[in-house]
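# Coordinates in review
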Amino acid sequence: MAVLIDVAAFRGSVPAEITEAAERLLDLGDVADPEPVGGGARAVVTDGASRFEPWVGVVDRAFTGDCDCPADPGDDGLCAHAVAVALAAFEDGIRFAAAGIPHGEDATEPGRADLRRAAESLDPRELTEFVIEQALRDPLFAARLLEAGAERSAG
């Protein structure tokens, strides 16, 4: 079951200095497009030379964040990185589950968002050439590519 988040109430519940830091990260373009994970949202956040991948969602009926940054976010886990992800997720219309699981039950490797961001930055021709180059170097990858292409053609 999805929950409706009151964005204004959320903003009001977070200390002003954390919200301001989160908005700076968003304004600087340091928050990758969030993706739905575990009933919440996750994104890569670049903060100076550091990269974090916070998750935000509803746990035990409270909006919660989970970030590996050194900040002390308090009991709710809502550091500036997590708040930035939440604000980006709200903007993107990501739906939150009533009972989220940080990073999902079947969490993907942490670099997945980085790889998605890199792949999405390529135009279709560049991405196609990149895939072909990898397939020529890796026979298993080539077999999987040909199998996926055959399935798509048949379907």
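Each value, and the rule that gives it
Residues numbered from 1 in each chain as written. Predicted model: local features only at pLDDT ≥ 70, side-chain atom pairs only at ≥ 80, totals over all residues. Heavy atoms only, no water. Pairing = 2+ DSSP bridges. Helix = DSSP H or I, 4+ residues; strand = E, 2+ residues; numbered from the N terminus. Axes fitted to C-alpha atoms, helices over the stretch in contact; angles between N-to-C directions. Parallel < 35°, antiparallel > 145°, perpendicular 65-115°, else oblique. Left-handed = near helix turned anticlockwise from the far one by under 90°. Contact = heavy atoms within 4.5 Å. Nonpolar A, V, L, I, M, F, W, Y, C, P; charged D, E, K, R; others polar. Core = buried A, V, L, I, M, F, W, Y, C linked by side-chain atoms within 4.5 Å. Buried < 20%, exposed > 50% of the residue type's maximum accessible area, 1.4 Å probe, protein only. Salt bridge = Lys/Arg side-chain N within 4 Å of Asp/Glu carboxyl O. Patch = residues over 30% accessible without salt bridge, like charges linked within 9 Å, V, L, I, M, F, W, Y side chains within 5 Å. Areas by Shrake-Rupley, 256 points an atom, 1.4 Å probe, with all protein chains shown as cover. Phe/Tyr/Trp six-rings, centres within 6.5 Å; stacked < 30°, edge-to-face > 60°.

## Notes on the sheet that holds strand 3 (residues 40-42)
- Read across the sheet, four strands follow the order 2-3-6-7 without closing on themselves; strand pairing throughout is antiparallel. Looking at which strands have only one partner, the edges of the open sheet turn out to be strand 2 (35-37) and strand 7 (62-66). Ignoring which end each strand starts from, the neighbouring axes of this sheet average 35 degrees apart.
- Relative to strand 7, strand 6 (residues 55-59) runs antiparallel, the two being bridged by five bridges.

## Regarding the packing of helix 5 (residues 124-137) against helix 6 (residues 139-154)
- Axis separation between helix 5 and helix 6 bottoms out at 5 Å; the angle between their running directions is 125 degrees. Between helix 5 and helix 6, the crossing angle belongs to the class labelled oblique. Of the two possible hands of crossing, helix 5 and helix 6 adopt the one that is left-handed. Facing Val131, Gln134, Ala135 and Arg137 of helix 5, the residues of helix 6 in contact are Pro139, Phe141, Ala142 and Leu145.
- Classifying every residue of the contact of helix 5 with helix 6 by side-chain character gives six nonpolar, one polar and one charged.

## Description of the nonpolar core
- Residues Phe10, Val56, Phe63, Leu78 and Val83 are the most contacted members of the largest nonpolar core, which totals 30 residues.
- Mapped by element, the contributors of at least two residues to this core are helix 2 (16-27), strand 6 and helix 3 (80-92).
- Here the element with the most residues in this core is helix 3; it accounts for ten residues.
- Once residues lying within four places of it in the same chain are set aside, the contact partners of phenylalanine 63 are Ile5, Phe10, Val56, Gly57, Val58, Asp76, Leu78, Ala86, Phe90 and Phe96.

## Details of the pattern of salt bridges
- Summed over the entire model, instances satisfying the criterion amount to three salt bridges.
- Arginine 11 serves as the salt-bridge partner of glutamate 23, at 2.3 Å between the closest nitrogen and oxygen. One end of the pair, glutamate 23, is in helix 2; the other, arginine 11, is in helix 1 (residues 7-13), and twelve residues separate them in sequence.
- Of the charged contacts in the structure, one is a salt bridge between arginine 42 and glutamate 53, with a shortest N-O distance of 3.1 Å. A residue pair is termed long-range when its members are at least 10 positions apart, and arginine 42 in strand 3 and glutamate 53 in the loop between strand 5 (50-52) and strand 6 qualify at eleven residues. In this structure, arginine 42 and glutamate 53 share a single accessibility class: buried.
- Salt bridges here are not isolated pairs; linked through shared partners, they connect Glu35, Arg42 and Glu53.

## A look at a nonpolar patch on the surface
- On the surface, Leu122, Leu127 and Phe130 cluster together into a nonpolar patch covering about 250 Å² of accessible area.
- Structurally, the position occupied by phenylalanine 130 is in helix 5.

## Here we look at the pairing of strand 6
- Taking burial as the measure, the five residues of strand 6 include four buried ones, the bulk of the element.
- In this structure, strand 3 lies alongside strand 6, joined through two bridges in antiparallel fashion. Bridge assignment links arginine 42 to a residue of strand 6, and that residue is tryptophan 55.

## Observations concerning the packing of aromatic side chains
- Counted under the stated rule, the structure contains five aromatic pairs.
- Relative to phenylalanine 90, the ring of phenylalanine 10 lies with its centre 5.3 Å away and its plane at 85 degrees, an arrangement referred to as edge-to-face. Of this pair, phenylalanine 10 sits in helix 1 while phenylalanine 90 sits in helix 3; the two residues are 80 residues apart in sequence, bridging distant segments of the chain.
- The class for phenylalanine 10 is buried, based on a relative accessible area of 7%.
- Using a relative accessible area of 15% as the deciding quantity, one classes phenylalanine 90 as buried.
- Connected via pairs of aromatic rings, a cluster forms that spans Phe10, Phe63, Phe90 and Phe96.

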